[in-house]
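Chain by chain, the residues run as shown.
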Amino acid sequence: MNKTAITYGILGIVIGLAVGFFGANYLNRNAATETGISSANLPAGAPQVQNPTGQLADVQKVLDLAKNEPDNFDAQIEAGEMYAQIERFDKALEFYERAQKIKPDDFRANVKLGNAFFDAKQFEKAEEFYAKAIVIDPKDPNVRTDLGLTYFLREPSDPDRAIAEYKKSLEIDSNHELTLQNLLAALKEKGDKDELAKTLAKLKEVNPNNPVIETYGSK
């Protein structure tokens, strides 16, 4: 996600040895994953991992399970996550779309599908699935913020709609740091100096070491 441009969150991956698959850590979702070993026996474009012996077999096992059991929700999610981690969003979308069709009212499936569309810079499609996720769980500030970002980052940008979603997120959690960061960017785009100053002061209160403070405080 190009959420880095406005210093959004940091997501990443580590190799999950127990399951032979990627687990969550804290790097940017768009940060490139280092992959190294060759995998001649894997499908073209399949995830490659720099991992101990046997990990390739585990990757192949996950992909085979997703292919052979198209109605297996967890298998589709796992396969989609593998491709998402190496930024093969086209392939990730295939598996996430299958998962969402299996469980159309599942919060996780809708968020992951929204994330994949977001990372592929298909912001209108990302909006669709973030909106569905919010209906399922209207109290998640992270998804509210991501929804706002779909308005801010699309062409043409719509900072007003983005700000409206950010404010809803802050109604859920007034100290939500990532929402405050993104709100600053939208307010700057609008040229709303008064609200920008108020939001900057709030961010300083929440985290005085946030690097965005210097960026907007110097304007």
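Each remark here, short or long, concerns the structure printed above.
Just so it is clear, the model here is predicted, and its values are computed rather than measured.

Quick notes on the rules
- Counting starts from 1 at the beginning of each chain's written sequence and moves along it residue by residue.
- Under the rules for a predicted model, residues below a pLDDT of 70 receive no local features and side-chain atom pairs below 80 are neither given nor counted, while totals for whole chains, interfaces and linings still include all residues.
- Neither water nor hydrogens contribute to the side-chain values; these are computed over all heavy atoms in the structure.
- Two rings belonging to Phe, Tyr or Trp (six-membered ring only in the last case) form a pair when the distance between their centres is within 6.5 Å. Interplanar angles under 30 degrees mark stacking, angles over 60 mark edge-to-face geometry, and anything in between is tilted.
- Under the scheme applied here, a residue whose accessible area is under 20% of the maximum for its type counts as buried, over 50% as exposed, and between as partly exposed, the area being computed with a 1.4 Å probe on protein chains only.
- By definition, any uninterrupted DSSP run of H or I lasting at least four residues is a helix, any uninterrupted run of E lasting at least two residues is a strand, and each is numbered from the N terminus.
- To sit over a ring, a charge needs its Lys NZ or Arg CZ within 6 Å of the ring centre and within 35 degrees of the ring normal.

Let us look at the packing of aromatic side chains. Evaluated as defined, the whole model comprises 4 aromatic pairs. Aromatic pair F118 and F123: ring centres 5.1 Å apart, planes at 80 degrees, arrangement edge-to-face. Owing to a relative accessible area of 9%, F123 belongs among the buried residues under this scheme. Between F118 and Y130, the aromatic rings sit 6.4 Å apart at their centres with planes inclined by 50 degrees, giving tilted as the arrangement. With a gap of 12 residues between them, F118 in helix α4 (residues 107-119) and Y130 in helix α5 (residues 123-136) connect regions that are remote in the sequence. A single burial state applies to F118 and to Y130, both of which are buried. Members of the aromatic cluster, each reached through a chain of ring pairs, are F118, F123 and Y130. The positively charged end of K91 is found above the aromatic ring belonging to Y83, 5.9 Å away from the centroid. In this structure, K103 packs its charged tip against the face of F73, placed 4.5 Å from the ring centre.

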